[in-house]
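Chains, contacts and geometry: an overview
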Amino acid sequence: MLALNRAKEINCTVDEFWMGLAHDIGKLDTGNSESHIGHEKNIGLVDEFCRGMKLTAEQVFLCVTFARNHMRLLRFNEMRPYKIAQMLDEFRATHTLAITISMAVCAGADALGRAKETFVPFTLYDVEMALEAFRKVTGNDIVQACVAAGKPMPKGKKFGQRLNEMRGMAIKKALGRQ
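Remarks on the packing of aromatic side chains
Inspection of every chain in the model, using the stated rule, returns one aromatic pair. Relative to Phe 49, the ring of Trp 18 has its centre 6.4 Å away and its plane inclined at 55 degrees; by these criteria the two rings are tilted. Separated by 31 residues along the polypeptide, Trp 18 in helix 2 (residues 14–22) and Phe 49 in helix 3 (residues 43–52) bring together distant segments of the chain. Its relative accessible area of 26% is what places Phe 49 among the partly exposed residues. Sitting over the ring of Phe 134, Arg 167 keeps its end group 4.1 Å from the ring centre.

Points about the pattern of salt bridges
Going through the model one piece at a time under the given rule, you end up with four salt bridges. The shortest N-O distance in the salt bridge between Lys 136 and Glu 132 comes to 3.4 Å. On the criterion of helical spacing, the pair formed by Lys 136 and Glu 132 is a turn pair, its members being four residues apart in helix 7 (residues 124–136). Taking the relative accessible area as the measure of exposure, Lys 136 reaches 59% and is therefore exposed. Its salt-bridge partner being Arg 162, residue Glu 165 comes within 3.2 Å of it at the nearest N-O pair. Here Glu 165 pairs with Arg 162, and both are found in helix 9 (residues 157–174), just three residues apart, close to one helical turn. A residue is classified by how much of its surface remains accessible, and Glu 165, at 36% relative accessible area, is partly exposed. Classification of Arg 162 as partly exposed rests on a relative accessible area of 30%.

Things to note about the environment of Ala 22
With respect to the helices and strands, Ala 22 occurs in helix 2. Take Ala 22: its relative accessible area is 0%, and that puts it in the buried class. The spatial distance from the C-alpha of Ala 22 to the C-alpha of Ile 43 is 10.0 Å, given a sequence separation of 21 residues. In contact with Ala 22, not counting residues within four places along its chain, are Val 46, Phe 49, Cys 50 and Cys 63.

Observations concerning a nonpolar patch on the surface
On the surface, Val 143, Val 147 and Met 153 cluster together into a nonpolar patch covering about 240 Å² of accessible area. In this fold, Val 143 is placed in helix 8 (residues 139–149). On the accessibility criterion, Val 143 (33% relative accessible area) is partly exposed.

A short note on the environment of Gly 139
Structurally, the position occupied by Gly 139 is in helix 8. A sequence separation of 21 residues divides Gly 139 from Gly 160, and the C-alpha atoms of the two residues are 8.7 Å apart. Contacts of Gly 139, omitting those with residues within four sequence positions, involve Phe 159 and Leu 163.

Observations regarding the nonpolar core
Membership of the largest hydrophobic core comes to 37 residues, with the highest contact counts inside it found for Val 46, Cys 63, Phe 76, Leu 88, Met 103 and Ile 171. At the level of secondary structure, the elements contributing two or more residues to this core comprise helix 2, helix 3, helix 4 (57–73), helix 5 (81–90), helix 6 (97–113) and helix 7. Apart from the residues within four sequence positions on either side, Ile 171 is in contact with Pro 81, Ile 84, Ala 85, Leu 88, Ala 130, Ala 133 and Phe 134. Listed in part, the five residues of the second largest apolar core include Val 137, Ile 142, Cys 146 and Met 166.

Definitions and limits used
Residues numbered from 1 in each chain as written. Predicted model: local features only at pLDDT ≥ 70, side-chain atom pairs only at ≥ 80, totals over all residues. Heavy atoms only, no water. Phe/Tyr/Trp six-rings, centres within 6.5 Å; stacked < 30°, edge-to-face > 60°. Helix = DSSP H or I, 4+ residues; strand = E, 2+ residues; numbered from the N terminus. Buried < 20%, exposed > 50% of the residue type's maximum accessible area, 1.4 Å probe, protein only. Lys NZ or Arg CZ within 6 Å of the ring centre and 35° of its normal. Salt bridge = Lys/Arg side-chain N within 4 Å of Asp/Glu carboxyl O. Contact = heavy atoms within 4.5 Å. Patch = residues over 30% accessible without salt bridge, like charges linked within 9 Å, V, L, I, M, F, W, Y side chains within 5 Å. Areas by Shrake-Rupley, 256 points an atom, 1.4 Å probe, with all protein chains shown as cover. Core = buried A, V, L, I, M, F, W, Y, C linked by side-chain atoms within 4.5 Å.

Shown next as structure tokens:
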């Protein structure tokens, strides 16, 4: 509930409030453990809750995606660029910036809502820089790289992996990482 209080303080949208409310529901299935290790993996409970509340399909997507990734997003600054690219791909970052920004805002509210933490472990600027770099790399870049190197075009899953590798390199450069 602390995350919801923080969300209210920073003027989150209705969708972001739902994300904040639903993201920790997986804790219900981790036993009485105080740490609730792995709670982000129990997405079925989040999905069931959201559908039971009659949320829209987009809201269910947002809640489930945030629940699955909120612990990862809190480690944004420690993540390898390829992993950031994979996460942004899951956030549909090629289609809309709004989802990724909402995820970052909610992760920040979650971090600020914790009694032990008084800061957000990443900046929206870093997220926006990663997004910009991610969106600049497209499938055409893979085609051009394959043609230039005289290599065959990757197919299916390998194409997506190669795309995220190239996006990861662009993110690494944009964030000034070695």
